[in-house]
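Residue strings, one per chain:
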Amino acid sequence: MRLRGGIAAVLGAAAIATALTGCGPQHQPVASTPEVTVPTPTGPALTAAALRTKAGAACTVLYRALNAAGDPPTDDPAKAAAWYPQVAAAWHRFLASVAPLVPPTDQVRDWGDVVENTRKITTDADANVALQKAGREPIELINSDPTADQGTRSLSNGELLDRLGITACTGG
């Protein structure tokens, strides 16, 4: 009888410890962020040179904003509260400037992939804002799934933009 009581006490303590493990703001559920939508581009197709020029100008504005924001904070929640919304806003402005561009017919697929990757990067930026507002620590935001996804999508966009000859977006 005593053995059963001891086992029950250990199991009860383990259940309480397991339940308490998830406590704290960094483990609270986060409201889902709405998907960013992209308007359908309309108008005549641009030439390859015009697409390079317009997209390159948009990239210059984006990189200027991202460089002005600096590196993401790793240990200052107040700085993170300012940094993540600033970066998300830069991505929203960039998407709004490139999504309406109509590429030449031979670049429709690659350009469509660039715009879709950019939409997803923008959605990921919004997700990090939601995580920050939910009380996640700055270091958690840097190591978040949305941040990792942004990196993967940025690499993919780099390859696509190189193929399209939009070197202002790739540092080339």
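What you see is a predicted model; the values in this text were computed from it and never measured.

(A) Seen up close, the overall build of the protein. Of the regular secondary structure elements, the protein holds 6 helices and 0 strands. From first element to last, N terminus to C terminus, the protein shows the α and β order α-α-α-α-α-α. Each of the 172 residues in the protein was classed as buried or not, and the buried ones make up 33%. Across the protein, contacts joining residues at least 24 apart in sequence account for 79% of those joining residues at least 6 apart.

(B) Representation of the side chain of Asp124 within the structure. Considering the arrangement of structural elements, one finds Asp124 in helix H4 (residues 108-133). A relative accessible area of 9% means that Asp124 is categorised as buried. Residues contacting Asp124, with those up to four places away along its chain left out, are Pro146, Asp149, Gln150 and Arg153.

(C) Looking closely at the state of the cysteines. Going through the model one piece at a time under the given rule, you end up with 1 disulfide. Across the disulfide from Cys59 sits Cys169; the S-S distance is 1.7 Å. Here Cys59 and Cys169 share a disulfide; its torsion about the S-S bond, 90°, makes the bridge right-handed. With a gap of 110 residues between them, Cys59 in helix H2 (residues 48-69) and Cys169 in the segment after helix H6 (145-164) connect regions that are remote in the sequence. An identical accessibility class is assigned to Cys59 and Cys169; each is buried.

(D) Looking closely at the packing of aromatic side chains. Applying the stated criterion across every chain, the model contains 2 aromatic pairs. With 4.7 Å between their ring centres and 80° between their planes, Trp83 and Tyr84 make a pair best called edge-to-face. When its relative accessible area of 14% is taken as the criterion, Trp83 is described as buried. Relative accessible area serves as the criterion here: at 5%, Tyr84 is assigned to the buried category. Seen from their ring centres, Trp91 and Phe94 are 5.9 Å apart, and the 85° between their planes marks the pair as edge-to-face.

(E) Structural view of the environment of Arg136. With respect to the helices and strands, Arg136 occurs in the loop between H4 and helix H5 (138-142). On the basis of relative accessibility, which here comes to 21%, the residue Arg136 falls in the partly exposed class. For the pair Arg136 and Ala80, spaced 56 residues apart in sequence, the C-alpha separation works out to 9.7 Å.

(F) View of the pattern of salt bridges. Using the criterion set out here, one finds 4 salt bridges in the structure. Linking Arg163 and Asp110 is a salt bridge whose minimum nitrogen-to-oxygen distance equals 2.9 Å. In this pair, Arg163 is assigned in helix H6 and Asp110 in helix H4, connecting sequence segments 53 residues apart. Using a relative accessible area of 57% as the deciding quantity, one classes Arg163 as exposed. Across the salt bridge formed by Asp124 and Arg153, the nearest N and O atoms sit 2.5 Å from each other. In this pair, Asp124 sits in helix H4 while Arg153 sits in helix H6, placing the two residues 29 residues apart along the sequence. Ionic contacts of the salt-bridge type, sharing partners, join the residues Glu116, Arg119 and Lys120 into one network.

(G) Quick look at the nonpolar core. Among the nonpolar cores identified, the biggest contains 33 residues, and Trp91, Phe94, Leu101, Trp111 and Ile166 are the most heavily contacted of them. Looking at this core, the elements that each hand over two or more residues are H2, helix H3 (77-98), H4 and H6. Of the residues forming this core, the biggest block, 10 residues, is contributed by H3. When sequence neighbours within four positions are dropped, the list of residues in contact with Phe94 reads Ala58, Cys59, Leu62 and Thr118.

Rules behind the numbers
Residue numbering note: each chain is counted from 1, following its sequence as written. Confidence filtering applies because this is a predicted model: local features only for residues at pLDDT of at least 70, side-chain atom pairs given and counted only at 80 or more, and all residues used for totals across whole chains, interfaces and linings. Side-chain figures throughout are based on the complete set of non-hydrogen atoms in the structure, without hydrogens or water. Counting from the N terminus, the helices are the DSSP runs of H or I reaching at least four residues and the strands are the DSSP runs of E reaching at least two. Only protein chains enter the area calculation, which uses a 1.4 Å probe; residues under 20% of their type maximum are buried, those over 50% are exposed, and those in between are partly exposed. Whether two residues are in contact is decided by their heavy atoms: any pair within 4.5 Å suffices. A pair of cysteine sulfur atoms is labelled a disulfide when the two atoms are within 2.5 Å. Think of it this way: a Phe, Tyr or Trp ring, Trp meaning its six-membered ring, pairs with another when their centres are within 6.5 Å, and the plane angle makes it stacked under 30 degrees, edge-to-face over 60, tilted otherwise. We count a salt bridge whenever a side-chain nitrogen from Lys or Arg sits within 4 Å of a carboxyl oxygen from Asp or Glu. In this text, buried Ala, Val, Leu, Ile, Met, Phe, Trp, Tyr and Cys residues form a nonpolar core when linked through side-chain atoms within 4.5 Å.

Honestly, it's all geometry; don't read function into it.
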